[in-house]
Amino acid sequence: MALDPETRDQLIDGVRRFVAERLRPIEAQVAENDAIPDHIVGEMRELGLFGLSIPEEYGGLGLTMEEECLVGIELGRTSPAFRSAFGTNVGIGSQGLVMFGNDAQKAKWLPGIASGEIVTSFALTEPEAGSDSAAVQTRARRDGDVYVLDGAKRYITNANKAGLFTVMARTNPDIKGGGGVSAFLVPRDLPGLSVGKPEKKMGQQGAHICDVIFEGVRVPAENRLGAEGEGFKVAMQVLDRGRLHIAGVCVGVAERLIADCVAYASERKQFGQALANFQLIQAMIADSKTESLAAKALVLDSARKRDAGEGVTLEAAASKLFASEMVGRVADRAVQIFGGAGYVADYGIERLYRDVRIFRIYEGTSQIQQLVIARETMKRGG
Ligand code: COS
């Protein structure tokens, strides 16, 4: 159920203040150290950020999709690496369980996920299954009352901290596509599960992705999420939702960059006057603002449709496509407006330029979103 307007404003205000006062001052330091200080993660837990989307009965805030996107916009006003610390708990790491888990599974895991005591990861991608996620090769063989998992997952966000993985694995090797895949809740401490070193990345330092290896990991059959063969659909529905969240974050980063551009252009003087007086600078600010407003309208409208119970596969893909491409253009213009300073680390613009590049890739590349949008549009007949 949606929050009443006053509570909603308080929540958004609280997150905005936390971002401005606690996160922004240390964003360069976090990038430098490739780590978010533990006490900051503790503050995120206290604020309830790990449980934004977890139903209230399990200790979360139970936000609607629209509310979650509004919070996502606020979180986008600083390095997106911070959001990543709890992003999997809010999105792809928990939503399979929220949407498809049975009561016992939910009661066992969701309270710890909501509080942040348990960090979750979503293990779909593999070395040979990126965009083609139905090509999952990790095997899950039934052996009495367990499934035995063997295989490797790649680029798994928060794997190095995760206590629980939602793993997509092939239960039926005779079915080559998604129909042979099932989803499992796999605790980190099961023997045979190992996690690789965090990858060195282009941006979003402080957020980590690692390989996850399964060697004869015996997962109790009761940890299967949904029916056998339903795993691919679980993953797709989790991603539909995740794409809306990411689109919200993209809008937030764009708003931050636009504010930075306005401040810099007002202060910096060339040819005897502020950059902001030059119409070619104004044109870049106008384009960024227009696109950012359009993305915001699209993502919030799509989120409201989801909250109303409509299928939003198309809208989520369109939001993710438009917002992630939009923030790429906004970041590029920001570097241009800042000029040499945009290319220099001290101003933080080049860091955000690198940070936003992944938005066009993860949770489905722009090309996958185009494919989904085209298919859905044709299905709907226009
Ligand atoms: N919701 C519910 N069901 C869905 C769905 C969705 N959003 N998308 C697909 N399905 C179902 C289809 O209806 C189909 O069911 P039936 O077999 O009963 O007809 C089944 O899943 C297979 O779907 P489809 O034929 O569309 O699968 P494809 O292999 O052709 O590809 C794409 C689907 C390319 C869209 C999918 O693989 C994808 O999204 N890839 C990107 C993955 C991704 O985002 N990875 C990021 C890493 S995770 S952070």
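Residues numbered from 1 in each chain as written. Predicted model: local features only at pLDDT ≥ 70, side-chain atom pairs only at ≥ 80, totals over all residues. Heavy atoms only, no water.

1. What to know about the site of the ligand
The immediate surroundings of the ligand are formed by 18 residues, with Ser 131, Lys 233, Arg 243, Gly 364 and Arg 375 found nearest. The separation between an oxygen atom of the ligand and a polar side-chain atom of Ser 133 is 3.0 Å. At 2.9 Å from an oxygen atom of the ligand is found a side-chain nitrogen or oxygen belonging to Arg 243. Out of a free accessible area of 1,000 Å², the ligand has 66% covered by protein chains. Contributions of two or more residues to the shell around the ligand are made by helix 8 (231–267) and helix 13 (366–380). Residue contributions to the shell around the ligand peak at 7 residues, all from helix 8. Residue classes in the shell around the ligand are distributed as 7 nonpolar, 6 polar and 5 charged. (Near = heavy atom within 4 Å. Polar contact = N/O pair within 3.5 Å; in protein donor to acceptor, adjacent residues only side chain to side chain. Areas by Shrake-Rupley, 256 points an atom, 1.4 Å probe, with all protein chains shown as cover. Helix = DSSP H or I, 4+ residues; strand = E, 2+ residues; numbered from the N terminus. Nonpolar A, V, L, I, M, F, W, Y, C, P; charged D, E, K, R; others polar.)

2. Brief notes about the domain arrangement of the chain
When its domains are assigned, the chain resolves into domain 1 (5–115), domain 2 (120–229) and domain 3 (233–380). Between the C-alpha centres of domain 2 and domain 3 the distance comes to 30 Å. In this assembly, 11 residues from domain 2 lie in contact with 13 residues from domain 3. With both chains or domains summed, domain 2 and domain 3 bury close to 880 Å², and 67% of this area falls on carbon and sulfur atoms. For the domain 2 face of the interface with domain 3, the top three residues by lost area are Phe 122, Met 202 and Gln 204, together amounting to 53%. The interface formed by domain 2 and domain 3 includes 2 residue pairs in polar contact (both at pLDDT 80 or more). Taken together, the residues of the side of domain 2 that touches domain 3 sort by class into 6 nonpolar, 5 polar and no charged. (Domains from an automatic or database assignment. Contact = heavy atoms within 4.5 Å. Buried area = accessible area lost by both parts, 1.4 Å probe.)

3. Here's the deal with helix 10 (residues 313–338)
For helix 10, spanning 26 residues, the distance from its first C-alpha to its last is 37 Å, which sits close to the expected 38 Å at 1.5 Å a residue. Along helix 10, 20 of the 26 residues are buried, which leaves the element largely enclosed by surrounding structure. (Expected span 1.5 Å × (residues − 1). Buried < 20%, exposed > 50% of the residue type's maximum accessible area, 1.4 Å probe, protein only.)

4. Examining the packing of aromatic side chains
One pass over the structure, following the stated rule, counts 7 aromatic pairs. Relative to Phe 86, the ring of Phe 50 has its centre 5.9 Å away and its plane inclined at 65 degrees; by these criteria the two rings are edge-to-face. Taken as a pair, Phe 50 in the loop between helix 3 (38–47) and helix 4 (65–75) and Phe 86 in helix 5 (residues 80–90) lie far apart in primary sequence, 36 residues in all. Of the two residues, Phe 50 and Phe 86, both sit in the buried class. Grouped by ring-pair contacts, the aromatic residues Tyr 264, Phe 338 and Tyr 347 constitute a single cluster. Note that Arg 154 overlies the ring of Tyr 155, its terminal NZ or CZ placed 6.0 Å from the centroid. (Phe/Tyr/Trp six-rings, centres within 6.5 Å; stacked < 30°, edge-to-face > 60°. Lys NZ or Arg CZ within 6 Å of the ring centre and 35° of its normal.)

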